[in-house]
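Observations on chain architecture
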Amino acid sequence: MSLKVFHVLFISASIALASGFGIWAISIDGWKYIVASVASFLCAGGLVVYEVAFLRKCREIGLD
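Residues numbered from 1 in each chain as written. Predicted model: local features only at pLDDT ≥ 70, side-chain atom pairs only at ≥ 80, totals over all residues. Heavy atoms only, no water.

1. Topic: helix α2 (residues 31–61)
- The end-to-end C-alpha distance of α2, which contains 31 residues, comes to 45 Å, matching closely the 45 Å that a straight helix rising 1.5 Å per residue would cover.
- Those residues of α2 lying buried are Ser37, Ser40, Ala44, Glu51, Phe54 and Cys58.
- Those residues of α2 that are buried lie in contact with α1 (3–26). (Helix = DSSP H or I, 4+ residues; strand = E, 2+ residues; numbered from the N terminus. Expected span 1.5 Å × (residues − 1). Buried < 20%, exposed > 50% of the residue type's maximum accessible area, 1.4 Å probe, protein only. Contact = heavy atoms within 4.5 Å.)

2. Some details on a nonpolar patch on the surface
- On the surface, Met1, Leu3, Val5, Phe6, Leu9 and Phe10 cluster together into a nonpolar patch covering about 710 Å² of accessible area.
- Note that Leu9 resides in helix α1. (Patch = residues over 30% accessible without salt bridge, like charges linked within 9 Å, V, L, I, M, F, W, Y side chains within 5 Å. Areas by Shrake-Rupley, 256 points an atom, 1.4 Å probe, with all protein chains shown as cover. Salt bridge = Lys/Arg side-chain N within 4 Å of Asp/Glu carboxyl O.)

3. Here we look at the packing of aromatic side chains
- By the definition in use, this model includes four aromatic pairs.
- Taking 5.5 Å as the distance between ring centres and 40° as the angle between the ring planes, the aromatic pair formed by Phe21 and Trp24 counts as tilted. One end of the pair is Phe21 and the other is Trp24, both in helix α1 and three residues apart, which spans about a single turn.
- A ring pair is formed by Tyr50 and Phe54, whose centres lie 6.4 Å apart and whose planes are at 25°; its orientation type is stacked. Linking Tyr50 with Phe54, this pair stays in helix α2, spanning four residues, or about one helical turn. (Phe/Tyr/Trp six-rings, centres within 6.5 Å; stacked < 30°, edge-to-face > 60°.)

Set out below in structure tokens:
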């Protein structure tokens, strides 16, 4: 397994974990959990943007 594949899998797992936590936090009552849910979804969104940028950069430098 190449470093690129490991990186993509690790970031994808992080996106799934952040999204899963956000979904779980929404289901709990309380403003603290709503804040945690929003922060988790923002982190997941940031990771998606990062992964897309990483894959574009890899394609640019020829690491297909």
